[in-house]
Amino acid sequence: MNLCLFDLDETLIPLDSDHAWGEFVIRLGWVDEAAFRRRNDEFFAQYKAGALDIHAYIAFATAPLRERGPAAAAAAHAQFMHEVIEPALRPQALDLVREHQARGDTVALVTATNDFVTGPIAKAFGIETLIAVRLERGPGGTITGRIAGTPSYREGKVVRVGQWLAESGRNWGDFARISVYSDSPNDLPLLERATDPVATNASPALEAVARERGWRILRLFAE
């Protein structure tokens, strides 16, 4: 049995769904455009630099959702999927996921983006297992602005995958091959657990590491 773990943003889709959701919220008129974009861009830069305070970011990013409630949030996300995500679903990415599934691999989507944003995206890829930042929810499914459990960010991805495997009585050593696809050096802790790490649409920093270590480099969205 083999294990295959996919990052999402800039790996399976040619955009960052977290940042794109922030831009979408601006388009909806839910926030002050200038102030929200400035903070959203600041957090995005911190993420790319590997220095994101993910708890502060989640408190910021979920504020518009908390103000409007679950029904309005769900309707907005359906619009987001139709206008932003569905046009970004590329055949080569869908085929890559299906290839691993057809082999009988255990497949999971492992992302530092929260489960509200990424749940429908995982379904669009036909991936049943989503390991994302879990938003804490209160009565009636209301989002609190806090993270439940370990955030799936950097080393937290390794922790969360380990927890998921343990829940079904498995561990890393049960798999003959472990493939990890990612674009970001934030995922080095997860890539280093793989027998088959694949630097996918890699940032310059990750591509440099991949070349140094002899990892496969995949340009999934190359024209």
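For every chain, the first residue of the written sequence is number 1, and numbering continues from 1 onward in sequence order. For this predicted model, a pLDDT threshold of at least 70 governs which residues receive local features, and a threshold of 80 or more governs which side-chain atom pairs are given and counted, while totals over whole chains, interfaces and linings are taken from all residues. For the side-chain quantities, the full set of heavy atoms in the structure was used; hydrogens and water were omitted.

Caption draft 1: Region of interest: the packing of helix α1 (residues 17–28) against helix α5 (residues 70–85). Angles shown run from 0 to 180 degrees and are taken between the N-to-C directions of axes, each axis being a line fitted to C-alpha atoms and, for helices, limited to the stretch in contact. Only DSSP runs of H or I with at least four residues qualify as helices, and only runs of E with at least two residues qualify as strands; both kinds are numbered from the N terminus onward. Packing of α1 against α5 leaves a shortest axis separation of 11 Å and a crossing angle of 110 degrees. The angle between α1 and α5 places the two elements in the roughly perpendicular class. Once α1 is placed against α5, the crossing between them reads as right-handed. Residue-level contacts link Ser 17, Ala 20, Trp 21, Phe 24, Arg 27 and Leu 28 of α1 to Ala 76, His 77, Gln 79, Phe 80, Glu 83, Val 84 and Ile 85 of α5. Gly falls in the polar group here, along with every residue not listed as nonpolar (Ala, Val, Leu, Ile, Met, Phe, Trp, Tyr, Cys, Pro) or charged (Asp, Glu, Lys, Arg). Per-class residue counts for the contact of α1 with α5 are 8 nonpolar, 3 polar and 2 charged. Any angle that is under 35 degrees is reported as roughly parallel, and any over 145 degrees as roughly antiparallel; angles of 65 to 115 degrees are reported as roughly perpendicular and all others as oblique. Crossing chirality is assigned from the near helix's rotation relative to the far helix, an anticlockwise turn below a right angle marking it left-handed and a clockwise turn marking it right-handed. Contacts are assigned to residue pairs that have any heavy atoms within 4.5 Å of one another.

Caption draft 2: Just the nonpolar core, in detail. Membership of the largest hydrophobic core comes to 53 residues, with the highest contact counts inside it found for Phe 6, Leu 12, Trp 21, Phe 80, Ile 85, Phe 125 and Ile 127. Once residues within four sequence positions are removed from consideration, Phe 6 is found in contact with Leu 12, Leu 96, Val 97, His 100, Val 107, Ala 108, Leu 109, Val 110, Ile 127 and Tyr 181. The nonpolar core is taken to be a set of buried Ala, Val, Leu, Ile, Met, Phe, Trp, Tyr and Cys residues, with the residues joined through side-chain atoms within 4.5 Å. Per-residue accessibility, obtained with a 1.4 Å probe over protein chains only, is compared with the maximum for each type, and a residue is labelled buried under 20%, exposed over 50%, and partly exposed between these values.

Caption draft 3: Representation of the pairing of strand β5 (residues 143–147) in the model. Paired strands are those between which DSSP finds at least two bridges. With 2 bridges joining them, strand β4 (residues 135–137) and β5 adopt antiparallel strand pairing. Looking across to β5, one finds that Leu 135 is bridged to Ile 147. In textbook terms, the turn of a hairpin is the stretch between consecutive antiparallel strands, and for β4 and β5 this stretch comprises 5 residues, one of which, Gly 140, has a positive phi near 75 degrees.

Caption draft 4: Here's a closer look at the pattern of salt bridges. We count a salt bridge whenever a side-chain nitrogen from Lys or Arg sits within 4 Å of a carboxyl oxygen from Asp or Glu. Tallying each qualifying case throughout the model produces 16 salt bridges. The residue Glu 23 makes a salt bridge to Arg 37 at a minimum N-O spacing of 2.8 Å. Placement of Glu 23 in helix α1 and of Arg 37 in helix α2 (residues 33–48) is noted, with a sequence separation of 14 residues between them. For Glu 23, a relative accessible area of 23% gives the class partly exposed. Relative accessible area serves as the criterion here: at 28%, Arg 37 is assigned to the partly exposed category. Glu 83 is the partner of Arg 27 in a salt bridge, and the nearest nitrogen-oxygen pair spans 2.6 Å. With a gap of 56 residues between them, Arg 27 in helix α1 and Glu 83 in helix α5 connect regions that are remote in the sequence. On the basis of relative accessibility, which here comes to 35%, the residue Glu 83 falls in the partly exposed class. One continuous salt-bridge network, built from bridges that share partners, spans Asp 7, Lys 157 and Asp 187.

Caption draft 5: Up close: unusual backbone geometry. For Glu 10, which is not glycine, the phi dihedral falls at a positive 65 degrees. Located in the positive-phi region is Asn 201, a residue other than glycine, with phi close to 50 degrees. Within the element layout of this structure, Asn 201 appears in the loop between β7 (196–200) and α10 (204–213).

Caption draft 6: Focus on the sheet that holds strand β2 (residues 106–114). Pairing is parallel in the open sheet, where 6 strands are placed in the order β3-β2-β1-β6-β7-β8. Strands with a single pairing partner mark the edges of an open sheet, and in this sheet they are β3 (129–133) and β8 (216–218). For this sheet, the mean angle separating the axes of adjacent strands, direction not counted, is 20 degrees. Pairing between strand β1 (residues 2–6) and strand β6 (residues 177–182): 5 bridges, direction parallel. Pairing of Asn 2 across the sheet is with Arg 177, part of β6. Its contacts with the sheet place helix α7 (residues 115–124) against β2 and β3, and it is angled at close to 150 degrees to β2.

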